[in-house]
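# Fold and geometry: a report
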Amino acid sequence: MALDLVIKNGTVVDGSGMARYRADVGVKDGCIVEIGRIRDGAAQTIDAEGMIVSPGFIDGHTHMDAQVTWDPLGSCSCWHGVTSVIMGNCGFALAPCKPEDREWYARCLEAVEDIPAAAIMAGVNWDWETFPEYLGAVERAPKALNHGSYIGHSALRMYAMGERALDESATEADIETMSRAVAEAIRAGAMGFSTSRSPTHVTPADKPVASRIGSWEEIDRLVAVMTELNAGIFQVAPDVTSGAAQEEFFAQLQRIALQSGRPVMFGTIASRQGKEPKPWQFHTDYLDSTVAQGGRMYGQATTRSINAIFSLKSNLPFDFLPAWKVVRALPLAEQKRRLADPDTRRQLIAEEAEMKPKGFEFQGGGAATTNPLRPDYASLLVMRGVDWDDPTVAELARASNKNPVETMIDLMLENENQIFVQPLVNENPEDVLGLLKHPRTLATFSDSGAHVCQEMGSSLPTHLLNYWVRIRQAFTLEEAVRMLTFDNASAWELSGRGLIRAGYAADLVIFDENGIKPGMPTVMSDLPGGARRLVQKADGIAATVVNGAITFEHGEATGNYAGQLLKGPFAARP
């Protein structure tokens, strides 16, 4: 049999967690067909000598709903070995959407997920109204990654209720309209239904997003549609901001899991924020308790802190102060000239002294870069590498006997690409490790495609392999690959993906286990309309294969767009 692709001489880490072995992998018609010593010829050959061959990584928590329509690469996930993503998380989506409401949806996405509305309006062609029509547009779009999507509660509510969605309870007719749309979406291939109860998710008018207005009874009715169809995952952005509210949220979520029988997913974090912060074990105890009572529940964990990223070329925590605003409106060269001027410096430093110190406010979403609270300089990292051993601004300020703001200015003048990292949640690496070690959490919470100027979550897989496997040795490579592949494929019921097995889709990553790691992030103006975002690539990945086609070689796109629309199990039923 003439093969399309053979990956020769590699060491296979197959995604199951079992020990690695040396073998060739043969691919035909997008699928793995042979594993072993392959002597047949092939149209293409990759020599993987000294390299690991693993299944492609799966990221189940992204916000690429708009980006998939203009970016065939799927960046930045594509540079980190990811071959499949799930979007439409937290209730935010671009469908269903009436033509007259497109800009409204775009502005809501900008407020919550830091995706510029101008970029959305410039880049999205909006050739859909209903959710099945949106899935059709995703299926037609050229793409280097596989994409699946939830139907989102906020979009659904806005479609059914218009502006009433932001401040009124749904009527029976509204719920019937939404229920029909959920059923239509699941039948068409939606991965499930998503919502948000997070107080950090607000509209441009600083009001709760539409899903937060919906009652738990409304959510019950919409999840019940999936129960009736026996298909679909319920994903929710949790309320993790305070004691009583958090306890009520988890009690309701457990009730839904037990009553509906559907898999439930939510973000699991550790945080010192809020008036009554709960330890991360509070989250995982609910996972264990729910499963013990017969429910299905998963926590979504990231592999490091969730951060606000600051730089001269993107956002700074002082941008909304009057004197800073004047300077920051100038071209970059003139900004640097002003920052070097002693009189301007004194004014900027004095203005920072008037900033409100952070109290019990819970920061997330876009709040960290739009809410002018004084930075915590004792935890504000000066990013010099990707091994998570950077000094803080406070440490450098003490060493030079300078004000922290002056220290930041000096660093930016020395290097206009200098990046500062403010951890917001998962501040303690040992807490992150505890979450990742828990058997009911998934390494998948990247938010890729969102927070484009304040986060770099797309590097979740390469950070896991660099920091937790190689530097900390907290996981074996086999364990970490299983977490990124088979565990996630199983949770989302992605049949035929997540393992290196004959008959499975040929989604593969070939990488150097001693060299794979995130690259340093940079700021680029490459969104539609020239909007800015953080871009982070990776080192040590020789090739990525999606459905049998080589999509990236040494970080460079090949022009092969073999990604497919991932459909939920209901769509595959006869």
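Refer to the structure printed above.
These lines cover the structure that appears in this document, whether it is placed above or below. These numbers were taken from a predicted model, which means no experiment stands behind them.

The rules we used
- Residues numbered from 1 in each chain as written.
- Predicted model: local features only at pLDDT ≥ 70, side-chain atom pairs only at ≥ 80, totals over all residues.
- Heavy atoms only, no water.
- Helix = DSSP H or I, 4+ residues; strand = E, 2+ residues; numbered from the N terminus.
- Rg over C-alpha atoms; globule rule 2.2 N^0.38 Å.
- Buried < 20%, exposed > 50% of the residue type's maximum accessible area, 1.4 Å probe, protein only.
- Contact = heavy atoms within 4.5 Å.
- Areas by Shrake-Rupley, 256 points an atom, 1.4 Å probe, with all protein chains shown as cover.
- Lys, Arg positive; Asp, Glu negative; His and termini not counted.
- Charge placed at Lys NZ, Arg CZ, Asp CG, Glu CD.
- Pairing = 2+ DSSP bridges.
- Axes fitted to C-alpha atoms, helices over the stretch in contact; angles between N-to-C directions.
- Phe/Tyr/Trp six-rings, centres within 6.5 Å; stacked < 30°, edge-to-face > 60°.
- Lys NZ or Arg CZ within 6 Å of the ring centre and 35° of its normal.
- Expected span 1.5 Å × (residues − 1).

Turning our attention to the overall build of the protein chain. Scanning the protein chain from N- to C-terminus turns up 19 helices and 25 strands. Computed over C-alpha atoms, the radius of gyration of the protein chain comes to 23 Å, within 12% of the 25 Å expected from 2.2 N^0.38 for 574 residues, which places it in the range of a compact globule. Seen along its three principal axes, the alpha-carbon backbone of the protein chain occupies a region of about 75 × 60 × 45 Å. Burial statistics for the protein chain: of 574 residues in total, 61% are counted as buried. For the protein chain, contacts bridging at least 24 residues in sequence account for 75% of all contacts bridging at least 6. Surface summary for the protein chain: the accessible area is close to 21000 Å², and the carbon and sulfur share equals 49%. Of the side chains in the protein chain, 53 bear a positive and 72 a negative charge, and the two mean positions are spaced by 1 Å.

Attention now goes to the sheet that holds strand S13 (residues 297-301). Strand order in the open sheet formed by six strands is S9-S10-S11-S12-S13-S17, and the pairing between neighbours is parallel. Because the sheet does not close on itself, it has two edges, and the strands there are strand S9 (151-152) and strand S17 (441-443). In the sheet, strand S10 (residues 192-196) pairs with strand S11 (residues 233-237) via five bridges, with the strands oriented parallel. When the sheet's bridge partners are listed, Ser-196 is paired in S11 with Ala-237. Contacting strand S12 (264-267), S13 and S17, helix H9 (residues 280-292) crosses the sheet at an angle of about 155° to S13.

Glancing now at unusual backbone geometry. With an omega of 10°, the peptide bond between Ser-75 and Cys-76 qualifies as cis. Mapped onto the elements, Cys-76 comes out in the loop between strand S6 (57-59) and strand S7 (82-87). Going from Ala-95 to Pro-96, the amide bond is cis rather than trans, its omega being 0°. Structurally, the position occupied by Pro-96 is in the loop between S7 and helix H1 (102-113). Notably, Gln-473 is not glycine yet its phi reads approximately 55°, a positive angle. Residue placement: Gln-473 occurs in the loop between helix H17 (460-471) and helix H18 (477-484). The exposure class of Gln-473 is exposed, given its relative accessible area of 64%.

Our focus in this paragraph is the packing of aromatic side chains. Applying the stated criterion to the full structure yields 14 aromatic pairs. Seen in terms of ring centroids, Phe-193 and Phe-234 are 5.9 Å apart; in terms of plane orientation they differ by 10°. Their pairing is stacked. Within this pair, whereas Phe-193 is found in strand S10, its partner Phe-234 is found in strand S11, the two being separated by 41 residues in sequence. For Phe-234, a relative accessible area of 1% translates into the label buried. Three or more aromatic residues joined by ring pairs make a cluster, and in this case those are Trp-216, Phe-249, Phe-250, Phe-266, Phe-282 and Tyr-286. When the ring centre of Trp-216 is taken as origin, the NZ or CZ atom of Arg-197, which lies over that ring, is 4.7 Å away. A cation over a ring is seen here: Lys-437 above Phe-475, with NZ or CZ 4.6 Å from the ring centre.

For H9, built from 13 residues, the straight-helix expectation of 18 Å at 1.5 Å per residue is met to within 8% by its first-to-last C-alpha distance of 19 Å. Listed as buried for H9 are Trp-280, Phe-282, His-283, Thr-284, Tyr-286, Leu-287 and Thr-290. In this fold, the buried residues of H9 make contact with helix H8 (243-260), S12, S13, helix H16 (429-437) and S17. Two residues or fewer past H9, Gly-294 is found with a positive phi of approximately 110°.

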